[in-house]
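Coordinate analysis (summary)
Spelled out, the chains give:
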Amino acid sequence: MSIAPAITGPALSLQNVSRYYEDVKAVENVTLDIAAGAMIALVGLSGSGKSTLLKMINRLVEPTSGRILINGELVDAVDPHVLRRRIGYVFQNIGLFPHMSIARNIAIGLELAGEKTGHAERVSELLDLVELPQDMADRLPHQLSGGQQQRVGVARALATRPGLMLMDEPFGALDPVTRDSLAGEYKSLHERLGLTTIIVTHDMAEALYLADRIIVLEAGQIKADASPKQLLSGQVGPEAEALVAIPRAQAAHLSELGKS
Amino acid sequence: MNMTAWQDAFRRVPELLAAHVQLSFSALLLAMVICFPLAIWATRNTRVAGVILGFASLIQTIPALALLALFYPVLLGLSALLGGGISALGFLPALMALTLYALLPILRNAVTGLTGVSPAARQAADGLGMTASQKLRLVEAPLAAPTIMAGIRTAAVWTIGAATLSTTVGQASLGDLIFAGLQTQNWTLVLTGCLASAGLAIVVDIILGVIERAIRDRRKMVAWSGTAAIAAGLLFALLPSLQSSEDDVVVIGAKGFSEQFILARLIGSRLEAAGYQVRYRDALGSAVVFQAVAAGDIDVYVDYSGTIWTNQMKRDDRIVSEQMIEEISSWSEQQHGVTTLGALGFENTYAFAVRPEDAEGRSLRTLDDLALISSEFVFGTDLEFLERPEWATVRQAYPLAFREARSFNPTFMYPALSSGEVDVISAFSSDGRIAANGFVVLEDNKGAIPSYEAIVLLAPDRGTDQKLRSALKPLVGRITVENMREANYKVDRETDKQSPAQAASWLDDIIRKGDGQ
């Protein structure tokens, strides 16, 4: 692997992808092309299928039908564990290994890849990247705050220099201040590293802030696919409008309060 | 209690402790080898978990002693099926029973520990691209380790305790001291056995507890030190058995009463004088001991003609004693390759004994007299008499119908008669306590009870051992019932008790004097 500062993430193609649980259609016939280096937000209410759709990309969930390609290669061309090692994965419950030091948590991907050397240097680099102090390396996860833990989660996902990042409500469990700063920092990381990122969120404000393209899902189907600007202009359909209405109303209310 | 009794008892501890540790550790290790794959399987399949845990719980409801006893016929059958070669006595049945007994705590804790790993950690492991085995090694096993360790700890304490029972299937353990002490009312011996096994259990529990906490707190140094302590203890316990190079050890069997212990020591001292190393297997059940000599698990022991006649040969006809021994000799040789070396010269038959005042007051002289009033009497027997064919024969000959029948360890049968807890006992005719208590033996006027001449039996590959035969031949026909009674009484009496070895040496002196040496 090169130590070049910028990596261009892959392009993705989802073709007629469905996932059924008995008679429940979690995801139904989704077709989506994602450009290399894009930051996509999957937005929807609970049970809309956004998380299932994300997990089918790294095969934590297998599709009932349809094809998924990364840079033109089918995801099931290789074993699931081989595929997943190439993709960064961050999720709401973080899942740091409580018995391992922060350094080992971050370097676990390198360990799995069989890289024997350079762990310490890479850990140090990643701690800088997620803006954590170097002396965190020797601590155990339970000694860190929630925000710090999720920074470690991001660092762990980036350790093997994946081009594609899948993020499942990554900042959902954090307090609003931490959440906002972490989202901002991640956005700049995404740009600096030239990643392709797909982020699942139920928070439209977060999606509008982070993403350059927003997919709105309802009952497993795409109801809207638009840029933040298009969404805010209110011309992409009622489902999207309902979600955008909330942050818009909040913003209006806040600005009213400021005036009075 | 005097100091030499304690010294005598403690002298036996190292060897038995070594056997005890070897057995417990092997059982624990085997249980772990069985449990870990099962636990992993169970965590991947809840139906499997239900079946496996249910089975392990079921085993736990079987008393340990019964579980040990059950493996004897199972292994005997297995050995017959495979054409021999499997020893049904000693280490193997003990190992299997204790292993089964250790399964539940290890299995339950391993399943609890593995299923208790947080879903987030599992999801992270999958998301990072761990294979199933990497996930197990790097995430699940380390996180479940403290719980698994707690299960091993519980199993270790149980196993060390239950291992004392393996004496009954002929495996040496600290239980040898407890059982032998109980039979001869040697409380020093019982206490020594208890202290040693309880001490072992406590020490192991403490060390495993330290390891368990160290794993939980992730203090690797402490965990490794604890493991090193266990390893050192194990090595120390194994030293005695590693040192003794066993070229030609003769294993002498004995059933669970004083006379058997004394005769075993008498045989042992003669064999040692002839240059053999000897080992004792005390307190074997009388049902297993003949199979044991036939299988070569023990090399020599003393049995009684009537026992072989009724229990092994299933005969219920009555013939004269000399002819009976001849028939036993040819039967055991032909059927089992077991050699009958000869009769020792005394008989130890079942003798129905009553208190002298009852014999006088109710004019009891024979079993017929007893039958007339048996509905008023409580019958005290040893642990096996009521199940033996002799009892069935006696009941056919005399219409005995006791008010109640109670089984005792032979040691407690005599005091029960003197104290009036029971009114008649199935005593042993060579027991010194009959005369010492003034008990009256009722005559078997119909000759229902067969003759019980003490005979020396040799395992198949010892029958041709001329050196061994000539070392033991001088004992044949040399022990009178009076001398045997006196030797038994030295061990059985309440005060000034002697050890079976001391009584054996007294008996040996008498025999040598008789030989004119």
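Small disclaimer: the values here were computed from a predicted structure and weren't measured.

Some details on the UniProt feature "transmembrane region" (unreviewed entry) in chain B
In the numbering used here, UniProt assigns the "transmembrane region" (unreviewed entry) feature to residues 20–41, 48–72, 78–104, 187–210 and 222–242 of chain B. The span residues 48–72 of chain B is 92% helical and 0% strand by assignment, and the distance between its end C-alpha atoms comes to 29 Å.

Some remarks on the confidence of the model for chain A
Residues shown with low pLDDT carry predicted positions that ought not to be read at fine detail. Residues and elements named next belong to chain A. With 97% of its residues at a pLDDT of at least 70, chain A reaches an overall mean of 90. The least confident element of chain A is helix α9 (residues 238–259), whose mean pLDDT is 85; the most confident is strand β7 (residues 164–168), at 96. Contacts for the low-pLDDT stretch residues 1–5, under 50 throughout, to residues beyond four places or in other chains number one contact.

Observations regarding the interface of chain A and chain B
On the side of chain B, 15 residues touch chain A, which itself brings 16 residues to the contact. Among the elements of the structure, α2 (80–85), β6 (87–91) and α3 (102–112) of chain A are those that each provide at least two residues to the side of chain A that touches chain B.

Regarding helix α22 (residues 500–514) of chain B
All names here are of chain B. Under the 1.5 Å per step criterion, the end-to-end length of α22 is 21 Å for 15 residues, consistent within 8% with the ideal 21 Å. For α22, the full list of buried residues reads P500, A503, A504 and L507. What you see down the axis of α22 is that its buried residues fit within an arc of 100°, all on one side. More than 90 degrees from the buried face of α22, the exposed residues found are D509, R512 and K513.

Observations concerning the confidence of the model for chain B
Chain-level pLDDT for chain B is 88 on average; 97% of the residues reach the 70-or-more range. Reported confidence for the predicted complex is 0.90 by ipTM and 0.75 by pTM.

What to know about the nonpolar core
Core analysis: the biggest nonpolar cluster contains 193 residues, and L42(A), L98(B), A102(B), I106(B), L107(B), I252(B) and V300(B) have the highest contact counts within it. When residues of this core are sorted by domain, at least three fall in each of domain 1 (3–243) and domain 2 (249–347 + 451–514) of chain B. When residues no more than four places from it in sequence are discounted, the contact partners of I106(B) are A31(B), M32(B), C35(B), G151(B), I152(B) and A155(B). With 24 residues, the next largest nonpolar core counts Y398(B), Y414(B), L417(B) and A427(B) among its residues.

Definitions and limits used
Residues numbered from 1 in each chain as written. Chains lettered and ligands numbered in written order. Predicted model: local features only at pLDDT ≥ 70, side-chain atom pairs only at ≥ 80, totals over all residues. UniProt positions renumbered as here; feature names shortened; annotations may be inferred. Helix = DSSP H or I, 4+ residues; strand = E, 2+ residues; numbered from the N terminus. pLDDT = per-residue confidence, 0-100. Contact = placed C-beta atoms within 7 Å. Expected span 1.5 Å × (residues − 1). Buried ≥ 20, exposed ≤ 12 C-beta atoms within 10 Å, placed from the backbone. Arc of directions from axis to C-beta. Core = buried A, V, L, I, M, F, W, Y, C linked by C-beta atoms within 7 Å. Domains from an automatic or database assignment.

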